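Structural characterization, general
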Amino acid sequence: MSARRALKTLFIAILLAASLNSAKAASLLTLSGSANPATGIIVDDDLDVYLTGIQIYTDAFAGAGTRPPISVMASAGDILRFVVRDTFGVCSSLSTVFLTNASGQGVLADPGFNRGCGFPNTDQGVTHDLSFTIPDL
């Protein structure tokens with residue numbers, strides 16, 4: 001093997017090792033309605049959650065109610081996006097949404113909102129759209 005080819009192979013190996021060492025390890029996290037990861041998320045009407053642009057949860061136009069906590073494999077730096085639609089009109093809200101790791105450490109991912117009631121009884125569209133970058137928990 002020529003010295004030039006050996007140097008090129010070594011350079012590629014170093015780049016590969018560096019990229020493997022800098023890869024973020026995904027961990028199991030829970031989205032819930034409070035600092036207690038067993039608390040449901042209250043939403044009026046519909047909730048969609050995206051992880052770095054990929055939809056990981058939808059309640060498929062379920063209407064107002066409490067959704068169970070959502071488990072997700074994610075890493076620090078990933079982006080969560082919470083989208084609420086008021087498909088039936090009248091009221092629109094979302095409880096707080098907390099992100100908790102397996103050790104119980106958590107952070108507020110979405111403060112929630114309450115648009116109130118009194119809107120026409122028709123599809124009001126998206127009423128909440130918030131993105132959150134996952135910190136190192």
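Residues numbered from 1 in each chain as written. Predicted model: local features only at pLDDT ≥ 70, side-chain atom pairs only at ≥ 80, totals over all residues. Heavy atoms only, no water.

**Description of the sheet that holds strand β6 (residues 70-74)**
Sheet architecture is open: 4 strands sit in the order β6-β1-β9-β10, paired in antiparallel fashion. Single-partner strands in this sheet number two, and they are β6 and β10 (106-110). Strand-to-strand, the axes of this sheet are offset by a mean angle of 30°, without reference to chain direction. Looking at chain direction, strand β1 (residues 27-32) and β6 are connected through 5 bridges and run antiparallel. Bridge pairing in β6 links S27 to A74. (Pairing = 2+ DSSP bridges. Helix = DSSP H or I, 4+ residues; strand = E, 2+ residues; numbered from the N terminus. Axes fitted to C-alpha atoms, helices over the stretch in contact; angles between N-to-C directions.)

**Remarks on the sheet that holds strand β5 (residues 65-67)**
Adjacent strands of a sheet form backbone hydrogen bonds with each other and so pair up, either parallel or antiparallel. Strand order in the open sheet made by the 4 strands is β5-β2-β8-β11, with antiparallel pairing throughout. Each edge of the sheet is formed by a strand with only one pairing partner; in this case those strands are β5 and β11 (113-116). Recorded for the sheet is a direction-independent mean angle of 25° between the axes of neighbouring strands.

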